[in-house]
Amino acid sequence: MTAKDIIDTYISFFEERGHKKIENSPLVLQNDPTTLFTSAGMQPLVPYLLGKEHPEGKRLVNVQNCFRAQDIDEVGDNRHTTFFRMLGNWSLGDYFKKEEVSWFWEFLTQKLTIPKERLYITVFKGTNEIPKDEEAEQVWKEIILQEGMNPKERILYYGTKKNWWSRSGVPENMPAGEPGGPDTEVFYRFNIEHNPAFGDVCHPNCDCGRFMEIANSVFMQYVKQENGSFKELPKKNVDFGGGLERLLAAVENMQDVFQTSLFAPIVAGISHAINKPYSEESKEIRIIADHFISACFIAANDVIPSNKEQGYILRRLIRRGLDSFYQLQGGNLSEIIETIVDQYKNTDQILLTKFEHIKNTILAEENSYSQTRRNARKLITRKYPSASHSARVQAEGLGQARIGDELKGQVEISTEDAFVLYTAHGLSPAQIKSLGFLFNEDEFVQKMKEHQQRSKMSGTKKFDRVKEIR
Ligand code: SER
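Since the structure is predicted, the reported quantities are computational estimates derived from the model, not experimental observations.

Q: How should I be thinking about the site of the ligand in this particular structure?
A: Surveying the vicinity of the ligand reveals the residues Ala 40, Gly 41, Met 42, Arg 68, Met 86, Trp 165, Asn 216, Val 218, Asp 239 and Gly 241. Take Asn 216: an N or O atom from its side chain is 2.7 Å from an oxygen atom of the ligand. Here the ligand loses 97% of its free accessible area of 230 Å² to cover by the protein chains. Those elements giving two or more residues to the shell around the ligand turn out to be strand S8 (211-224) and strand S9 (230-243). When the residues that make up the shell around the ligand are grouped by side-chain class, the tally is five nonpolar, three polar and two charged.

Q: Looking at this structure, I do not really get the side chain of His 291. What am I missing?
A: Structurally, the position occupied by His 291 is in helix H9 (residues 282-300). A distance of 3.4 Å separates the side chain of His 291 from the side chain of Arg 320, its partner in a polar contact. Non-local contacts of His 291, meaning those with residues more than four positions away in its chain, are made with Ile 72, Val 75, Leu 317, Arg 320 and Gly 321.

Q: Honestly, unusual backbone geometry in this entry has me stumped. Any pointers?
A: Peptide bonds are mostly trans, and most non-glycine residues show a negative phi. The backbone of Asp 207 sits at a positive phi, close to 70°, despite the residue not being glycine. Residue position: Asp 207 is located in the loop between strand S7 (179-189) and S8. The phi dihedral of Asp 302 falls on the positive side, at around 65°, and the residue is not glycine. Residue placement: Asp 302 occurs in the loop between H9 and helix H10 (309-327). For Asp 302, a relative accessible area of 48% gives the class partly exposed.

Q: I'm lost on the packing of aromatic side chains in this one. Help?
A: The geometry of an aromatic ring pair is captured by the separation of the ring centres together with the interplanar angle, meaning the angle of the planes. In the structure shown here, the tally under the stated rule is 27 aromatic pairs. Aromatic pair Tyr 222 and Phe 230: ring centres 6.3 Å apart, planes at 80°, arrangement edge-to-face. With a centroid separation of 5.4 Å and an interplanar angle of 65°, the aromatic rings of Phe 419 and Phe 444 are classed as edge-to-face. Placement of Phe 419 in helix H15 (residues 415-423) and of Phe 444 in helix H17 (residues 441-457) is noted, with a sequence separation of 25 residues between them. For the pair Phe 419 and Phe 444, a shared accessibility class is recorded, and that class is buried. One aromatic cluster in this structure is built from Tyr 10, Phe 13, Phe 14, Tyr 95, Trp 103, Phe 104, Trp 105, Phe 107, Trp 140 and Phe 240. Lys 132 extends its terminal NZ or CZ atom over the ring of Tyr 157, reaching a point 4.6 Å from the ring centre. If you follow Arg 154 out to its NZ or CZ, it ends over the ring of Tyr 120, 4.3 Å from the centre.

Parameters and conventions
Chains are numbered independently. Their residues run from 1 in the order of the written sequence. A pLDDT threshold of at least 70 governs which residues receive local features in this predicted model, and a stricter bar of 80 or more applies before side-chain atom pairs are shown or counted, although totals over entire chains, interfaces and linings include all residues. To get the side-chain values, take all heavy atoms of the structure and skip hydrogens and water. We call a residue near a molecule or strand as soon as one heavy atom of that residue lies within 4 Å of the molecule or strand. Here a polar contact is taken to be a pair of N or O atoms separated by no more than 3.5 Å, where protein atoms must pair a possible hydrogen donor with a possible acceptor and residues adjacent in sequence count only if both atoms sit in side chains. For the accessible areas, the method is Shrake-Rupley and the probe is 1.4 Å, while residue cover comes only from the protein chains on display. Comment: elements are numbered from the N terminus, with helices defined as DSSP H or I runs of at least four residues and strands as E runs of at least two. Polar here means any residue outside two lists: the nonpolar Ala, Val, Leu, Ile, Met, Phe, Trp, Tyr, Cys and Pro, and the charged Asp, Glu, Lys and Arg; Gly therefore counts as polar. Whether two residues are in contact is decided by their heavy atoms: any pair within 4.5 Å suffices. Exposed residues in this analysis have more than 50% of their type's maximum accessible area, buried residues have under 20%, and partly exposed residues fall in between, with area computed by a 1.4 Å probe over protein chains only. Stacked, tilted and edge-to-face are the three classes applied to pairs of Phe, Tyr and Trp rings, where Trp contributes its six-membered ring and a pair requires centres within 6.5 Å; stacked means planes under 30 degrees apart, edge-to-face means over 60, and tilted covers the rest. Two thresholds decide whether a charge sits over a ring: the Lys NZ or Arg CZ must be within 6 Å of the ring centre and within 35 degrees of the ring normal.

By themselves these figures say nothing about function.
The structure is reproduced here in structure tokens:
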């Protein structure tokens, strides 16, 4: 079963149950100043979750492209990606927990034929103000018993950090008027040992990599009030989110999403370009794959690399991807872009129709980054003669110098100069170090904090994003 088969099976399953298929919304939403990118299936549907009538009815199904900048630092492990596709089925004030939970299980175990023994359920345990989700718990208990398994072993309970969903996270962070609710999640257990670095006891949310969340159902049933309390929404909603990449990992019983049939050709292309096996450089290869996949989709949405908003995120993705690519002596970026487009073109036509634009955008940014690094080096070599010597030694040793060839010089520079490279040239601390410039990192962090404070006071949020995306 391929990623495309999972999509097709999912859509037909819910169409057969009275759902209307709606189109994927753009990654950059028009008329939504609250967010830079669509990061969850629910975002384009917020007005309908709050009660507005949807023109296509009360039962909807879709596949939504999502991008989560906040996960960028997690990329490199076996399961985190910044770009992913979310399968979604929606009840806008129509069916609720009984139908949803039963269909959730049926889809996973009957349609995707994931062995039930590998699946574990989590349910919201409640807080002092918001009750435990006993309704979802009850339906799960019946299903688990029918399947001949023990609910005590299969159903686990967590609080607001894990089993509550809203655009702003936990209830305390939600602004008045924001919808949210408890969610129930299904985890897949791989046949690997627990990693004790993540605690004595292995459990679905211990993050050791043995369990992976593959899908959730959010029950959008509350709206936050001005006084901080929660009121039931007049119409209660279901918001199912199934991560396509992770569902595929479960179907293929592959604990590394980057080695599933969706990512394998991309990873092989990168491995070929750097002439090293995936097993030796898996972390960097995952970063390269993830960042350029995201960059392709963001560029396909007509975002151009720049110093603000979506353009800023695109710039950082490409430059971080290049850092890893050149660190591993990667050469031809075009081939990587072509492999990505080839791999996604069956399900995402946009990559094919915008292919030239995507390629030109990313390659132009590669040039611009190269220029930035040359300028940074010039600036430093003017002030520090030893830097000039070290650059020359490297250039002589390596023939024609490319940006990745500059990695080994070690020149100590002042915190002030490092900070100029950061503010005026847009280089992150890691990138400054990769040019071979050493500086006092504690002082640098202190300066960065002061700078962020000043930016906040002057009303610009750009440096918050620097922090967000490093
Ligand atoms: N169910 C979604 C999620 O997990 C919200 O739309 O992100």
